[in-house]
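Examination of the molecular architecture
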Amino acid sequence: MRLGVIGTGRIGSQHAAVLAGRSEVDEVIVCDVDGTRARAVAAQIGGSAAEGTGQLYAARPDGVLIAAPTSQHADLIREAVRAHVPVFCEKPVAQSLAETVATVEEAEASGVAVQIGFQRRFDAGCRRVREAIAGGEVGELRRMHLMTCDPAPPPAEYVPHSGGIFRDCHIHDFDILRFVSGREVESVTALGANRGADFFAAAGDVDESVVLLTLDDGTLVTMQGSRYNGAGYDVRLEAAGTQGTVMAGLSGKTPVRSTEPGVVFPDDAPWAGFLERFADAYVAELVAFLDVVGTGAPVVCTPRDALEALYTAEAADLSRREGRTVRIAEVRS
Ligand SMILES: NC(=O)c1ccc[n+]([C@@H]2O[C@H](COP(=O)([O-])OP(=O)(O)OC[C@H]3O[C@@H](n4cnc5c(N)ncnc54)[C@H](O)[C@@H]3O)[C@@H](O)[C@H]2O)c1
């Protein structure tokens, strides 16, 4: 297979290296508005560099991967589906709700396979929670708890364009919640606090968050997030039912210390960030995409899934700003 990679920054260069290392991939062609960067990444992975997306599509790729900045995603997805080329695009689909809806509708109407990069769907621990719920191991699901806590804030200039903590960080929680529970979110109540740098408040954002959600079967969900989790990168997902409780993200690398006498937990260095924590999941999502391209396998994370997660993020943001519970039906309409 011949794969194209559009955007060779932090995540794009990592994805390009994974693709180049796969036996089912014969050639990787990268492109970037920064041609020097594209050529350097091409040299590193043993691929080639195209001058722009026009030259990339002229080479007739079997699939393309988009890892350009978020502001470019919608246009680049449209370009791929209009060229009838299956596409993997990093999350999110677009910057605004309106642009997301329009892009999802065009992608669906095209019939071209589009996978969105919510990599937690390919994390072994999260998948095991899904199996435990679907297989009845926890009994009847009653409660869930999720967290996404960053060890340190992003650069100040990133925050005003990030969409805020609910669209930028918790969007992964909102997506994995639907994937593992098999349920839809019905209502959201969100709280936020400004305890850190002034640039969060200046951007209308918060740096600490708590979210309460109700699913359509009555399951109650709590979430917490932080931009200042000094202990390390902490992403966990717990599901509790009438027969048992399971948790993803609980290992020797979980950034939490037990205070019980005689308990030595955890016993390893904490995860430093998402690239380390989800290294295997980033590979697994690309293997799944190659299966989509090569065999027409169904897409695990569709643009519609990304839109559903965005509805929850929109509801959380509205809830926090207006100090009230928001039903998903309100933002959907
Ligand atoms: N799933 C995840 O966990 C995860 C993690 C990190 C980033 N992301 C997403 O991946 C995307 C990229 O993030 P990043 O941190 O790698 O960004 P980055 O800034 O490091 O890299 C982006 C690259 O795209 C290039 N670029 C800009 N416009 C382009 C265009 N029109 N065509 C081709 N190349 C273009 C830039 O020159 C740069 O090299 C973002 O949308 C981000 O939300 C997802």
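Residues numbered from 1 in each chain as written. Predicted model: local features only at pLDDT ≥ 70, side-chain atom pairs only at ≥ 80, totals over all residues. Heavy atoms only, no water.

1. What about the nonpolar core?
What counts here: Take the buried Ala, Val, Leu, Ile, Met, Phe, Trp, Tyr and Cys residues and link them wherever side-chain atoms come within 4.5 Å; each set so joined is a nonpolar core. Working definition: with a 1.4 Å probe on protein chains only, accessible area under 20% of the residue-type maximum means buried, over 50% means exposed, and in between means partly exposed. Strands here mean DSSP runs of E at least two residues long; helices mean DSSP runs of H or I at least four residues long; both are numbered from the N terminus. Here the bounds of each domain stem from an automatic or database domain assignment. Contacts are residue-level and defined by heavy atoms, with any inter-residue pair within 4.5 Å sufficient.
Counting residues in hydrophobic clusters, the biggest one holds 66 residues, and the most contacted among them are M144, F174, L177, L213 and L237. With eight residues, the single largest contributor to this core is helix α12 (residues 303-322). Split by domain, this core shows at least three residues from each of two domains, domain 1 (2-112) and domain 2 (121-277 + 309-332). Those residues in contact with L177, other than ones at most four positions away along the chain, are M144, L146, G182, V185, L213, L215, V221 and M223. Counting residues in hydrophobic clusters, the runner-up holds 29 residues, among them A16, F88, Y282 and F289.

2. Comments concerning the UniProt feature "domain: Gfo/Idh/MocA-like oxidoreductase N-terminal" (unreviewed entry) in the protein
This is how it is decided: UniProt positions are given in the numbering used here, feature names are shortened, and annotations may be inferred rather than shown by experiment.
Within the UniProt annotation, "domain: Gfo/Idh/MocA-like oxidoreductase N-terminal" (unreviewed entry) is assigned to residues 2-118. Across residues 2-118, the secondary structure splits into 47% helix and 21% strand, with the terminal C-alpha atoms separated by 23 Å.

3. So, helix α11 (residues 279-295)
Keep this limit in mind: One less than the residue count of a helix, multiplied by 1.5 Å, gives the span that helix is expected to have.
Here α11 spans 24 Å end to end across 17 residues, near enough to the 24 Å set by a 1.5 Å rise per residue. Residues of α11 that are buried make contact with β1 (2-6), α1 (10-20), β4 (63-66), β5 (87-90), β6 (114-117) and α10 (274-277). Positive phi shows up at G296, right after α11, with a value of about 75°.

4. Some remarks on the site of the ligand
To be explicit about the condition: Note on terminology: near, applied to a residue and a molecule or strand, indicates that one of the residue's heavy atoms is within 4 Å of it. Polar contacts, as used here, are pairs of N or O atoms within 3.5 Å; protein pairs need one atom able to donate a hydrogen and one able to accept it. Residues neighboring in sequence count only if both atoms are side-chain atoms. Areas reported here follow the Shrake-Rupley algorithm with a probe of radius 1.4 Å; residue values treat only the protein chains shown as occluding. For this scheme, ten residues count as nonpolar: Ala, Val, Leu, Ile, Met, Phe, Trp, Tyr, Cys and Pro. Four count as charged, namely Asp, Glu, Lys and Arg, and the remainder, Gly too, count as polar.
Near the ligand lie 22 residues; those nearest to it are I11, D32, R37, T70 and Y282. The contact in question runs from an oxygen atom of the ligand to an N or O atom on the side chain of D32, over 2.6 Å. Contact distances for the ligand include 2.4 Å between an oxygen atom and a side-chain N or O atom of R37. Coverage of the ligand by the protein chains reaches 81% of its 850 Å² of free accessible surface. Of all elements in the fold, only α1 and α4 (70-82) reach the threshold of two or more residues within the shell around the ligand. At three residues, the largest contribution of residues to the shell around the ligand is made by α4. Classifying every residue of the shell around the ligand by side-chain character gives eight nonpolar, nine polar and five charged.

5. Concerning unusual backbone geometry
A negative phi angle is the norm for most residues apart from glycine, just as the trans form is the norm for most peptide bonds. Note that the residue after K91, namely P92, is joined by a cis bond; omega there is -10°. Among the structural elements, P92 can be located in the loop between β5 and α5 (97-110). Backbone torsion omega between F265 and P266 reads -5°, so that peptide bond is classified as cis. Inspection of the secondary structure assignment puts P266 in the loop between β12 (245-248) and α10. In this structure, R60 is a non-glycine residue whose phi angle is positive, near 55°. As for its placement among the helices and strands, R60 is situated in the loop between α3 (53-58) and β4. On the basis of relative accessibility, which here comes to 67%, the residue R60 falls in the exposed class. The backbone phi angle of H84 is positive, close to 60°, even though this residue is not glycine.

6. Side note on α5
Defined as follows: What the arc describes is the spread of directions from the helix axis to the C-beta atoms.
For α5, with 14 residues, the first-to-last C-alpha span of 20 Å sits near the 20 Å given by 1.5 Å per residue. Listed as buried for α5 are T100, T103, V104 and A107. Along α5, the residues classed as buried sweep out an arc of 100° about the axis, all on the same side. Exposed side of α5, more than 90 degrees from the buried face: A98 and A109 are the residues found there. The secondary structure elements touched by the buried residues of α5 are α4, β6 and α12. Two or three places before E99, at the opening of α5, S96 has a side-chain oxygen 3.0 Å from that residue's backbone nitrogen. One or two residues past the end of α5 sits G111, with phi positive at roughly 75°.

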